[in-house]
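Residues per chain, in single letters:
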Amino acid sequence: MINRDRMRDHFLTLVQIDSPSRKEREIAMHLKEELTSLGAEVSFDQTDQMVGGTVGNLIARIPGTRSGGTPFLLCAHMDTVGPGEGIKPQVEENLIKSDGSTILGADDKSGIAIICEVLRALQKEKVPYAELEIVFTICEESGLLGARHLDVSRLHARTGLILDSSDPDRLITRAPAANRLQFTLQGFEAHAGVCPERGINAIRIASEAIAGMRLGRLDDETTANIGTIEGGIAINIIPSAVTVHGEARSHDEAKLKAQTEHMIRCFEEAAGQHQLTLDGTTHRGQVTYQVQRDYDRLFIPEEARIVQLVRHAAHTLGREITLWRTGGASDANFLCAKGLEVANVGTGQREVHTVREYLLLDDMVRSAELVLNTVKLHASMS
Ligand SMILES: [Zn+2]
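Positions within a chain are numbered from 1, following the residues in the order the chain's sequence is written. The model is predicted, so local features are restricted to residues of pLDDT at least 70 and side-chain atom pairs to those at 80 or more, both for listing and for counting; the totals for chains, interfaces and linings are taken over all residues.

Turning next to the overall build of the protein. Each helix is a run of H or I in the DSSP string that is no shorter than four residues. Each strand is a run of E no shorter than two, and both are numbered from the N terminus. When helices and strands are tallied, the protein shows ten helices and 22 strands. C-alpha extents for the protein along the principal axes are approximately 85 × 45 × 35 Å. A residue is called partly exposed when the number of other C-beta atoms within 10 Å of its own lies between 12 and 20, exposed at 12 or fewer, and buried at 20 or more, with C-beta atoms placed from the backbone. Looking at the 382 residues of the protein, the share that counts as buried comes to 47%. We call two residues in contact when their backbone-placed C-beta atoms lie within 7 Å. Partitioning the contacts of the protein with sequence separation of at least 6, the portion at a separation of at least 24 is 75%.

Below, the discussion takes up the nonpolar core. Judged by nonpolar contacts, the single largest core of 103 residues is most densely connected at Ile115, Val118, Val310, Val342, Ala343 and Val371. With ten residues, helix α4 (residues 106-125) is the largest single contributor of residues to this core. Viewed by domain, this core spans two of them, domain 1 (4-175 + 297-381) and domain 2 (177-295), each represented by three or more residues. Every residue in contact with valine 118, bar those within four places of it in the chain, is listed here: Ala368, Val371, Leu372 and Val375. By definition, a nonpolar core groups buried Ala, Val, Leu, Ile, Met, Phe, Trp, Tyr and Cys residues that are joined through C-beta atoms within 7 Å. Those domain boundaries reflect an automatic or database domain assignment.

Now for the packing of helix α1 (residues 4-15) against helix α10 (residues 361-381). Note on geometry: axes are C-alpha line fits, over the in-contact stretch for helices, and angles between N-to-C directions span 0 to 180 degrees. One way to put it is that α1 packs onto α10 with a least axis distance of 11 Å and a crossing angle of 110°. Considering their axes alone, α1 and α10 lie roughly perpendicular with respect to each other. In this structure, α1 uses Arg4, Met7 and Arg8 to contact α10, whose residues at the interface are Leu361, Met364, Val365 and Ala368. Three categories are distinguished: nonpolar for Ala, Val, Leu, Ile, Met, Phe, Trp, Tyr, Cys and Pro, charged for Asp, Glu, Lys and Arg, and polar for the others, with Gly belonging to the last. Tallied by class, the residues present in the contact of α1 with α10 amount to five nonpolar, no polar and two charged. Each angle gets one of four labels, with under 35 degrees taken as roughly parallel, over 145 as roughly antiparallel, 65 to 115 as roughly perpendicular, and the rest as oblique.

Another point: the domain arrangement of the protein. Domain assignment breaks the protein into domain 1 (4-175 + 297-381) and domain 2 (177-295). Its C-alpha centre places domain 1 at a distance of 40 Å from the equivalent point of domain 2. Of the residues lining the interface, eight residues belong to domain 1; the matching set on domain 2 comes to six residues.

Further remarks concern the sheet that holds strand β12 (residues 222-231). Each strand in a sheet pairs with another by means of backbone hydrogen bonds, the pair being arranged parallel or else antiparallel. Note on pairing: DSSP must find at least two bridges between two strands before they are called paired. The antiparallel open sheet is built from five strands, whose spatial order is β11-β12-β14-β9-β17. The open sheet has two edge strands, β11 (216-219) and β17 (286-295), and neither has a second partner. Neighbour-to-neighbour, the strand axes of this sheet turn through a mean angle of 20°, independent of strand direction. Of the strand pairs in this sheet, β11 and β12 are connected by three bridges, and their pairing is antiparallel. Among the inter-strand pairings, arginine 217 is bridged to a residue of β12, identified as threonine 223. Of the strands in this sheet, β9 (177-186), β12 and β14 (241-250) are in contact with helix α6 (residues 202-211), which crosses β14 at around 20°. Sitting on the sheet, helix α7 (residues 253-272) is in contact with β9, β11, β12, β14 and β17, with an inclination near 5° to β9.

Our focus in this paragraph is the sheet that holds strand β4 (residues 90-92). An order of β4-β5-β22-β21 is seen for the four strands of this open sheet, with the pairing classed as antiparallel. Strand pairing shows two members of the sheet lacking a second neighbour, β4 and β21 (349-350), which therefore form its edges. Its contacts with the sheet put α10 on β5 (95-97) and β22 (358-360), and the angle it makes with β22 is roughly 60°.

Within the secondary structure layout, glycine 100 lies in the loop between β5 and α4. Residues glycine 100 and isoleucine 87, 13 residues apart in the sequence, show an inter-C-alpha distance of 9.3 Å.

Within strand β6 (residues 132-137), five of the six residues are buried, which leaves it mostly tucked inside the rest of the structure. By the bridge criterion, five bridges tie strand β2 (residues 58-62) to β6 in an arrangement that is antiparallel. Residue pairing across strands places alanine 60 opposite isoleucine 134, the latter belonging to β6. Sheet analysis places strand β3 (residues 72-77) next to β6, joined by six bridges and oriented parallel.

As structure tokens, then:
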């Protein structure tokens, strides 16, 4: 049985341990102790060395209480976004929020608290279960770096759940792939008052390109954004350089490729409109760009075993889960790209990444019951 008060209290403890990305050491040590007391063998990988952090991903293994059976993975992330230091949680019956000056950190400490409670409940009930593996990642909020560098060959499990979304009656099985784009526009510098006709304005090129670009929600699978723009030196100088950063995301690789090419073309065409001949030399607007794959998509088919398992577990609780397609990425994207079959279940966290973030305890309990039943069912069927 899930113990609501115990889970809430653990959650309150967790959010009061600061853990911004790359500074997860203190919470990792707390969790190491907690998991060890629950019979787990805890180790850390070396991802901290690759990302400049204070601790690596936490990997814990709890031996099964029955022989055979396939291992099962439960995963959440330890880091939080800012402002996330000195969090003072306020409990109002079913709702927990911050004091308004910070985030709450339910993203993703609600996931961690649920996983720990599920382990306690399993031990109390003495239900036979197969080996369980717990991964608490670092730097999820910083480009999914923990999961990006996680060496999955250290894991025995090939299927499991990530607890890092909002609605406990939803199972996220699809998330987009993303490209990260950087464009540098080159113009030609000149004095803006004395001889503007001798300049090519890089900011103007960027503006023309962006004005003609398809951005925002492009269809139900694809989005694109221009997020930052930097350039220019002073108001009396025609700017010669501007750097623009953007992204494109899609659940469909062909659409992602088409949108990426469209964004490049907009910049190339805008740059091509600007040229200038000075003293026999022709200067042209130019663009250079970099396209980087940020992450691959999460795609778990409806007939996948994990989906069947969670659906079945929900049925045993008299509930239905909705399979959900999201526009955001999580650690599940990387685990899926590395060959694991993982879906992302909601924990009750709401309005995340804002100081209005809150957690509904009833939802947290719903999530814990679903995860507990899923683990039990997995054990009885594997
Ligand atoms: Zn999260």
